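Fold and geometry: a report
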Amino acid sequence: MKTSENDILSALKADPDRGFRMLMDKYKEPVYWHIRRLVTAHADAQDTTQETFVRVFRSLDKFRGDSSLTSWVYRIATNEALRQLSNRNGRHIGLDTEEPAVKAIAADGYVDYADLEAVKLQKAILSLPTKQQLAFNLRYYDELAYDDIAQITGSTAAAAKANYHVAKEKIVEYMNSND
């Protein structure tokens, strides 16, 4: 049975420990993969996921319900991933970063380098500016609505849709190139 956001929010009010376990059960894996697609390295994704949930736990009293719980958790995860990239690269990485933070997939045991198309797709995604990369990942992999993407990235649904479509065109172009 799928746990709804309302079930989690109710449990958080009634029994914060149980509610947080429910929140973790629902979001830990998708948040890990969202972060992983941004930071690429497994160890960095694990650390960033852990830090995300520490921040979520510490900020639960600040959740006002202006957005969905999913959008709120993903926004914190996105900010943590960008912070991780900034720390790694020694410069500020934000949603407006035009130059991609990572040009290559990190070499770790969690990438199947035998699947050349998958590797090329990852390189194509990583070549995108941050806003386009986020819009593409959140729509394509996480299947989020443009309104949710807008909440996560602090933009509008129209901007999220535009970023997704531009990203998709760039990825198709990259995939069709010979490099």
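It should be emphasised that the depicted structure is a prediction, and the values quoted were computed from it without experimental measurement.

1. Some details on the packing of aromatic side chains
Considering all chains together, one arrives at 8 aromatic pairs under this definition. An angle of 85° between the planes, with centres 4.9 Å apart, marks the rings of Tyr32 and Trp33 as edge-to-face. Through a chain of ring-to-ring contacts, three or more aromatic side chains come together here, namely Phe136, Tyr140, Tyr141, Tyr146 and Tyr164. Taking NZ or CZ as reference, Lys26 lies 5.9 Å from the ring centre of Tyr27, over its face. Above the face of the Tyr146 ring, Arg139 is positioned so that its terminal group lies 4.1 Å from the ring centre.

2. Examining the packing of helix H2 (residues 16-39) against helix H3 (residues 42-59)
Remark: H2 packs on H3, axes separated minimally by 9 Å, with the N-to-C direction vectors making an angle of 140°. Here H3 runs oblique to H2, going by the angle between their axes. By crossing handedness, the relation of H2 to H3 is classed as right-handed. Every residue of H3 that contacts H2 at Phe20, Leu23, Met24, Tyr27, Lys28, Val31, Tyr32, Ile35, Arg36 and Val39 is listed here: His42, Asp44, Ala45, Gln46, Thr48, Thr49, Thr52, Phe53, Val56 and Phe57. A class-by-class count of the residues in the contact of H2 with H3 yields 12 nonpolar, 5 polar and 3 charged.

Conventions we followed
- Residues numbered from 1 in each chain as written.
- Predicted model: local features only at pLDDT ≥ 70, side-chain atom pairs only at ≥ 80, totals over all residues.
- Heavy atoms only, no water.
- Phe/Tyr/Trp six-rings, centres within 6.5 Å; stacked < 30°, edge-to-face > 60°.
- Lys NZ or Arg CZ within 6 Å of the ring centre and 35° of its normal.
- Axes fitted to C-alpha atoms, helices over the stretch in contact; angles between N-to-C directions.
- Helix = DSSP H or I, 4+ residues; strand = E, 2+ residues; numbered from the N terminus.
- Parallel < 35°, antiparallel > 145°, perpendicular 65-115°, else oblique.
- Left-handed = near helix turned anticlockwise from the far one by under 90°.
- Contact = heavy atoms within 4.5 Å.
- Nonpolar A, V, L, I, M, F, W, Y, C, P; charged D, E, K, R; others polar.

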